[in-house]
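Read off the chains here:
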Amino acid sequence: MFAKWLEPHEGGRLDLSTLVHQILSCLRETGGMPATPLFAVLATDGAFRQVTEPMFRRVLRSLGEKKLIEQMPTGELILAPAGERVTSERDFYAAFAAREEFVVRHDGREIGKLQSNLVPPVGENLILGGRRWRVDDIIAVAKSVHVSPAKGGKAPVFRGAAGEIHTRVVEEMAASLADTDEPPYLDGAAQTLLKAARQTAERAGVLSPGYIVRAESVQWFPWLGTRGLLTLELHARCDGIATECDTLSITYKKTDHARWRTHLESIVRGDRTALDLAQRMAVKTFDKFDDALAEELLDEANARDRLALPGAKLRAEQAIHALATTALP
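The paragraphs below set out a description of the structure included in this document. Everything numeric in this text was worked out from a predicted model, so none of it was measured.

Focus on the sheet that holds strand S4 (residues 109-115)
Reasoning step 1: If you walk across this open sheet you meet the five strands as S4-S3-S7-S6-S5, and the pairing is mixed. Among the strands making up the open sheet, the edge pair consists of S4 and strand S5 (125-128). The mean angle between the axes of side-by-side strands here comes to 40 degrees, regardless of whether they run parallel or antiparallel.
Reasoning step 2: With three bridges joining them, strand S3 (residues 101-106) and strand S7 (residues 144-149) adopt parallel strand pairing. Considered in S7, the bridge of Val103 is made with Ser144.

A few points about the pattern of salt bridges
Reasoning step 1: Under the counting rule described, the total for this entry stands at 17 salt bridges.
Reasoning step 2: The shortest N-O distance in the salt bridge between Arg237 and Glu233 comes to 3.1 Å. On the criterion of helical spacing, the pair formed by Arg237 and Glu233 is a turn pair, its members being four residues apart in helix H7 (residues 226-238). Side by side, Arg237 and Glu233 carry an identical accessibility label, which is buried.
Reasoning step 3: Glu295 serves as the salt-bridge partner of Lys284, at 2.7 Å between the closest nitrogen and oxygen. With Lys284 in the loop between helix H9 (274-278) and helix H10 (295-305) and Glu295 in helix H10, the pair connects residues that are eleven residues apart, well separated along the chain.
Reasoning step 4: Sharing partners across several salt bridges, the network here consists of Lys284, Glu295 and Asp299.

How each quantity is defined
- Residues numbered from 1 in each chain as written.
- Predicted model: local features only at pLDDT ≥ 70, side-chain atom pairs only at ≥ 80, totals over all residues.
- Heavy atoms only, no water.
- Pairing = 2+ DSSP bridges.
- Helix = DSSP H or I, 4+ residues; strand = E, 2+ residues; numbered from the N terminus.
- Axes fitted to C-alpha atoms, helices over the stretch in contact; angles between N-to-C directions.
- Salt bridge = Lys/Arg side-chain N within 4 Å of Asp/Glu carboxyl O.
- Buried < 20%, exposed > 50% of the residue type's maximum accessible area, 1.4 Å probe, protein only.

So yeah, pure geometry; function would need other evidence.
What follows is the structure, given as structure tokens:
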């Protein structure tokens, strides 16, 4: 508040789920439109100016393959029977829905549900229903995750629809831990907690050098927001490194500092594009109408809308510098 900072508007998003909603809305309202004027209304003169005409036509083909729209002999696009049903539903005009949930099953029995953004990739573990499970298979079409008992795991954090954390917010957290100032508006208990947090951060090294080396893992605090952490997690997945993430750190399992440095160097070199990373996402559908899109369209949308390569590269460069200047235990 004192800095008069607001989270910036997200420019450049594709937001294809909302585009699908608007296509179906236009066809319902007009009874049918050719593709060219529909593109003009929604993209050329509308809100979806990041969507090119070739991509728009790919979206239309995807809707046709999903039997939501069809083309008349005269060239007009109209709603197919499935599209009529979707647009007739009571909640259709609510373009944004709560985050999708996946049903978690063991031996055909439902043991719980996870938000789509909390589903771990195949081979990783989680805690649900008071037990530890290993993810054996993810069936995106059926919105289901099949698991088997495991020895280790992490409890999922249910955040509702609170949204993402911006990197600036996380950087302010780090700045508060590094500072020695005691704001006058804190009461006695809050001052005690702040001092304890700063002491713990200093002892653990979460600010400098910013990582903790253990016997078979490295825990890194890159001080990035939600998108930056996801970008780092996908880089690790591409390199075959199992990870565990929370809101502030990423832990690289069965990794020593030498392997971690090699991995960081590949991030800095830019060995992988955002699209390469998006293709490795365990779950690709997040918004209300993502199911209507072909997988390659989801990959392109997620690469642009949900990842942050520049921030990940910058933090990797800083971590390499820290490794070079810090004596390891």
